[in-house]
Amino acid sequence: MSRRLKREMLRKAREGEVSGGHKPFGWEEDRKTRRPREADFVAAQTQAGIKGDSVATVARRFKEAGFVGRNGRPYDRTAVRRIMLNPRNAGIRVYQGETLKDSEGAYVRGDWEALVELEAWEALRTKWGTHQGVGQAREYRVNSLLAGILRCGVCGTRMGAANSGSKYPKYRCADGAGGCGNVSIARPKTDEVIRQLVTEYLERAAANYSLEEPSDDGWDQEPELVEAESELAEIKAMYQAGQIKPTTYALLLDDLDRKIEKLRGEKSLHLQTKITVKPSLDALKDGWGQLSLERQRSTVRSVLVSVLVNKTSKRGSGIDLSRLVPVFRE
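Rules of the game
- All residue numbers refer to position in the chain's written sequence, counted from 1.
- Restriction of local features to residues with pLDDT of at least 70 applies here, the model being predicted, together with a cutoff of 80 or more for giving and counting side-chain atom pairs; totals for whole chains, interfaces and linings are based on all residues.
- Excluded from the side-chain calculations are hydrogens and water; all other atoms, namely the structure's heavy atoms, are used.
- Under the DSSP-based scheme used, a helix requires at least four consecutive residues in state H or I and a strand at least two consecutive residues in state E, with every element numbered from the N terminus.
- Two residues qualify as a contact provided that any one of their heavy atoms is within 4.5 Å of a heavy atom in the partner residue.
- Per-residue and other accessible areas were derived by the Shrake-Rupley procedure at a 1.4 Å probe size, with only the shown protein chains allowed to occlude residues.
- Only centres within 6.5 Å qualify two rings of Phe, Tyr or Trp (six-membered ring in Trp) as a pair; their planes then separate them into stacked at under 30 degrees, edge-to-face at over 60, and tilted for everything else.
- Using a 1.4 Å probe on the protein chains alone, a residue whose accessible area is under 20% of its type maximum counts as buried, one over 50% counts as exposed, and one in between counts as partly exposed.
- Each pair of strands is called paired provided DSSP finds at least two bridges between the two strands.

J.: What is the right way to read the overall build of the protein from this model?
T.: Looking only at helices and strands, the protein features 9 helices and 10 strands. Here the analysis covers contacts within the protein between residues at least 6 apart in sequence; of these, 61% occur between residues at least 24 apart. With an accessible surface of roughly 19600 Å², the protein has 49% of that area assigned to carbon and sulfur atoms.

Listed below in structure tokens is the structure:
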């Protein structure tokens, strides 16, 4: 009985049929029909994540939107990551915790309405640093616009955010972090000046390139992906011909599957976030205030390598912003 049940479950999985269980986020109780508000939210946050928003930022939006789990409490970051990276979102069938693939190496697709395109799901998974068997990238909390972008003009150490809870937050070179501890600057005014500098730079760049077509040199790892896929097909053919032992085949298959999955994810991320070498104002079309802090930092980094902060020679409480020396990208 147990073996028959397992065979039947595997058959359903391979044919993409819906399985039982709790209602997944984004669908109605039938597990097939999109629940519009949840589904649209997942699609929008997938694009936000691809563009640079962190799990923490997306989790905050889940909370602000009023979404809660079965226990009635807001979703934490772990739950949000699980929801957003659920293969089901892209219509991929999962069996016993693993995504299913057919004999050609393509994902088995389920008979429900997908919430996002396959390429978008792959891109988000790559952006957030998660691959089967590889683990996940460590996530750092971003709490200021220019921490790590500003550098001390005396010793060159990256400056961090300080006095965050006080009335006068600063960026400073911390001696406890290997710096000289002799340079600091007011945070809000510095942020304002750098935002304005970046905006003006992008406006000038947009005017200079307004008549030119954007260029795209393609994805430079395409040959590596093609080679890996060809190698996988060759190994499968050799195994079916009895030329490779099962244990050897399993090891080679596992390594190549991981490599191909990783490369496909990086290709999807490239296609989803194609950025030309020419600067663009697209990121700021709705204003700085509409961007998450991560995307604001990304916009600044697209223009500036760093900003040197020289030691002030003035006394008093005034802010001498001539101390700032921006280093532009070529």
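J.: Sorry if this is basic, but what is going on with the packing of aromatic side chains here?
T.: Each aromatic ring pair is described using two quantities: the centre-to-centre distance and the angle formed by the ring planes. Counted according to the given criterion, the structure contains 10 aromatic pairs. Considering the side-chain rings of Phe25 and Tyr75, the 5.9 Å spacing of their centres and the 90 degrees angle between planes classify their relative orientation as edge-to-face. Placement of the pair is Phe25 in the loop between helix H1 (2-14) and helix H2 (36-50) and Tyr75 in the loop between helix H3 (55-64) and helix H4 (77-84), with a sequence separation of 50 residues. Overall, the relative accessible area of 21% leaves Tyr75 in the partly exposed class. Each ring, one from Tyr201 and one from Phe328, has its centre 5.3 Å from the other, and the planes form 15 degrees; the classification is stacked. Residue Tyr201 is found in helix H6 (residues 187-208), and its partner Phe328 is found in strand E10 (residues 324-328); the two are separated by 127 residues along the sequence.

J.: Before we go on, may I ask you to explain the pairing of strand E9 (residues 304-309) in this structure?
T.: Each regular strand shows side chains that alternate between the opposite faces of the sheet. Across 3 bridges, the pairing between strand E5 (residues 150-152) and E9 is parallel. Directly across from Leu150, in E9, lies its bridge partner Val307. Summarising the sheet, E9 and E10 pair through 5 bridges and their orientation is antiparallel. The residue of E10 that forms the bridge with Leu304 is Phe328.

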